[in-house]
Amino acid sequence: MLLHNRTDRRILKQQIAQSSEPRLTLSFYKYIYITDPQAFRDKLYLDLSALQVLGRIYVAHEGINAQISVPQAQFEILQSYVNASLYLSGIRLNLAVDDNGKSFYKLKVKVRPKIVADGLEDHVFDVTNKGVHVDAEAFNQLASDPDTVIVDMRNHYESEVGHFENAILPDADTFREALPMVEELLKSHKDKNIVMYCTGGIRCEKASAYFKHKGFPKVYQLEGGIIQYSREIQAKNLPNKFKGKNFVFDERLGERITNEIISHCHQCGKSADTHTNCKNEACHILFIQCDTCAKKFEGCCSQDCYDFLKLPEEEQKTQKKKFKVVRNVFRKGRAEHLKLK
Ligand SMILES: [Zn+2]
Ligand SMILES: [Zn+2]
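This section reports on the structure supplied with the text. Each residue is numbered by its place in its chain's sequence as written, counting from 1. Key to labels: chains lettered from A, ligands numbered from 1, both in the order written. Per-residue local features are limited, in this predicted model, to residues with pLDDT of at least 70; the limit for side-chain atom pairs, both in listing and counting, is 80 or more; totals at the level of whole chains, interfaces and linings are taken over all residues. In computing side-chain properties, one takes all heavy atoms of the structure into account and sets aside hydrogens as well as water.

## A look at the packing of helix H4 (residues 136-143) against helix H8 (residues 225-236)
At a closest axis distance of 9 Å, the pairing of H4 and H8 adopts a crossing angle of 95°. Compared by their axis directions, H4 and H8 come out roughly perpendicular. Contacts between H4 and H8 involve Ala136, Glu137, Phe139 and Asn140 from the first element and Tyr229, Glu232 and Ile233 from the second. When residues are grouped by polarity, Ala, Val, Leu, Ile, Met, Phe, Trp, Tyr, Cys and Pro land in nonpolar, Asp, Glu, Lys and Arg in charged, and all others, Gly among them, in polar. Among the residues making up the contact of H4 with H8, the classes are represented as four nonpolar, one polar and two charged. Here an axis means a line fitted to C-alpha atoms, over the contact stretch when the element is a helix, while the angle between two N-to-C directions is reported on a 0 to 180 degree scale. Numbered from the N terminus, helices here are DSSP runs of H or I no shorter than four residues, and strands are runs of E no shorter than two. For classification purposes, angles smaller than 35 degrees are called roughly parallel, those larger than 145 roughly antiparallel, those between 65 and 115 roughly perpendicular, and all remaining angles oblique. The contact criterion used throughout is that any non-hydrogen atoms of two residues lie within 4.5 Å.

## Comments concerning the nonpolar core
Take the buried residues of types Ala, Val, Leu, Ile, Met, Phe, Trp, Tyr and Cys, join any two whose side-chain atoms come within 4.5 Å, and each joined set is a nonpolar core. Throughout this description, buried means an accessible area under 20% of the type-specific maximum (1.4 Å probe, protein chains only), exposed means over 50%, and partly exposed covers the range between. Among the nonpolar cores identified, the biggest contains 29 residues, and Val151, Met153, Leu186, Met196 and Phe211 are the most heavily contacted of them. Sorting the residues of this core by element identifies strand E1 (23-31), strand E2 (54-60), strand E7 (148-152), helix H6 (175-186), strand E9 (193-197) and helix H7 (202-213) as the ones contributing at least two each. Considering each element in turn, this core owes the most residues, six residues, to H7. Either an automatic procedure or a domain database provided the assignment from which the domain bounds are taken. Inspection of this core shows a minimum of three residues originating in each of domain 1 (9-111) and domain 2 (122-244). Residue contacts for Met196: discarding those within four places in its chain leaves Val151, Met153, Val182, Leu186, Cys204, Ala207, Ser208, Phe211, Tyr220, Gln221 and Leu222.

## Things to note about the coordination of the zinc ion (ligand 1)
Only Cys265 (SG), Cys268 (SG), Cys290 (SG) and Cys293 (SG) from the protein reach the zinc ion (ligand 1) as donors, at distances of 2.3 Å. Every donor counted, the four donor atoms about the zinc ion (ligand 1) form angles of 104 to 114° at the centre, which fits tetrahedral coordination. Overall, Cys290 belongs to the buried group, its relative accessible area being 3%. Because no water is among the atoms considered, metal sites can look incomplete, with donors defined as N, O and S atoms within 2.8 Å of the metal, or 3.2 Å for Na, K and Ca. Irregular is the label for any site that misses the other tests, which are tetrahedral for four donors with all angles between 85 and 135 degrees, and square planar for four donors or octahedral for six when opposite donors exceed 155 degrees and the remaining angles lie between 65 and 115.

## Brief notes about the packing of aromatic side chains
To describe a pair of aromatic rings, one takes the distance between the centres and the angle between the planes. The rule is short: rings of Phe, Tyr and Trp, with Trp giving its six-membered ring, pair when the centres are within 6.5 Å, and they are stacked under 30 degrees, edge-to-face over 60, tilted in between. The tally for this structure, following the rule as stated, stands at eleven aromatic pairs. Note on Phe164 and Tyr229: the rings are 4.8 Å apart at their centroids and 90° apart in plane angle, and the pair reads as edge-to-face. Here Phe164, found in strand E8 (residues 162-164), pairs with Tyr229, found in helix H8; they are 65 residues apart in sequence, far enough to count as distant. With relative accessibility at 1%, the residue Tyr229 sits in the buried group. When the ring of Phe211 is compared with that of Phe216, the centres are 5.4 Å apart and the planes differ by 80°; the resulting orientation is edge-to-face. Summarising the burial analysis for this pair, Phe211 and Phe216 share the class buried. Three or more aromatic residues joined by ring pairs form one cluster here, namely Phe139, Phe164, Tyr197, Tyr229 and Phe242. Only when the NZ atom of a Lys or the CZ atom of an Arg is both within 6 Å of the ring centre and within 35 degrees of the ring normal do we say a charge sits over the ring. In this arrangement the basic side chain of Arg112 is found over the ring face of Tyr58, its NZ or CZ atom lying 4.1 Å from the centre.

Scope: geometric values only; no functional claims are made or implied.
Right, here's the structure in full:
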């Protein structure tokens, strides 16, 4: 039986672009001890392939993390499958907002050392001993309490385009970097209500367990993250304390929550919040670009990348090396030449 999809990605991309079958994009995660991640991975791959699920799933000893799309017609079957599964039962399925269901073109299920890289050894702290879950209403209440500190557990390029009012925004490239930074920032707030949030809850859930382990007595976590919050405030007509866009890690790169644009084009400084990857594949840096600069530089991050793409192909091959440094994914949006970052 096939345990991987080896079809050419261009063909798969074309298939999904041309398909008229309605699909739903959703995410789920759970911290739970999985004895044999590889065996669980193989079974999951076969079962979800049969349901025509696409997307990216990580399995580790500490749990599972999934971003997937499923044909609308198979959604209920997926729900019953999940509820009948030993490791997945009781899991929350977060449906994406502002979604055309074409976020993925292939199913990848990978075994990883961790579902969220934290730079710590397994069992340093109990990841299942999480902070108190709060919904949108409880979050809003806590947010208006002067004894509350709200912490954004995402990376700088995510909070740059959208975040909660008055939140602490660590200037971190990765979650692993954010943990010690936030610990330092929270030193003088130890007895306050610490409310953590992230995109879908997976990172702040781990962070909440970490800070409990570090002796913080009142740690809370926004259940289902910004994704669930934006759905709840709409459904229950609650005041919205989130401003801007929710950055997401699929091809859409962002879901708009409010019309406010809180960030700027990294090239000209004009108000903008559209993330894009530089069209020069040798660079591919993630940055914010306004429409005017997108036209002027044809989607490139700089004059250098623009000029590079005008070179004959043969010359591009020999000059590719000079873009190696900015390609480092952990320096997204931090490249020296993006002066307006
Ligand atoms: Zn611009
Ligand atoms: Zn570039």
